[in-house]
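As a plain string of letters, each chain reads:
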Amino acid sequence: MKRISFLFVLVLLLGSASPSAFGQATATGTIQGVVTDKSTSVISGAEVVITSKATGASRTAATSEEGTFRFDFLPAGIYTVKISKNGFTALVQTVEL
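An account of the accompanying structure is given in this report. (Residues numbered from 1 in each chain as written. Predicted model: local features only at pLDDT ≥ 70, side-chain atom pairs only at ≥ 80, totals over all residues. Heavy atoms only, no water.)

The next point concerns the overall build of the chain. If you tally the helices and strands in the chain, you get 0 helices and 8 strands. Along the chain, helices (α) and strands (β) appear in the sequence β-β-β-β-β-β-β-β when read from the amino end. Across the 97 residues of the chain, 29% fall into the buried class. Residue pairs at least 24 apart in sequence account for 56% of intrachain contacts in the chain once pairs closer than 6 positions are excluded. If you sum the accessible surface of the chain, you get close to 6,000 Å²; carbon and sulfur atoms cover 55% of it. (Helix = DSSP H or I, 4+ residues; strand = E, 2+ residues; numbered from the N terminus. Buried < 20%, exposed > 50% of the residue type's maximum accessible area, 1.4 Å probe, protein only. Contact = heavy atoms within 4.5 Å. Areas by Shrake-Rupley, 256 points an atom, 1.4 Å probe, with all protein chains shown as cover.)

Shown next, in the form of structure tokens:
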């Protein structure tokens, strides 16, 4: 079986556009990345599932033709990221946002 690897970028966005709403701001962020195989070729159509450790809520997406994925407006916290595709060994990593 081939191995999946991925490069991910975490972006944490704090605050709000309105100073009067700043006291009500909630920390949210983005988890995004590129899924590749061992030879660094991109893998399109891989399933990416992120799961919040705090709530158990999950979101699912498929990688694009360029092997990219993106999850926006995530509450700050710890997430499990699982990437899988037939013919490849699944990859599971924990990330803190």
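Bringing the pattern of salt bridges into the picture now. Inspection of every chain in the model, using the stated rule, returns 1 salt bridge. For Arg70, the salt bridge goes to Asp72, with nearest N and O atoms at 2.7 Å. (Salt bridge = Lys/Arg side-chain N within 4 Å of Asp/Glu carboxyl O.)

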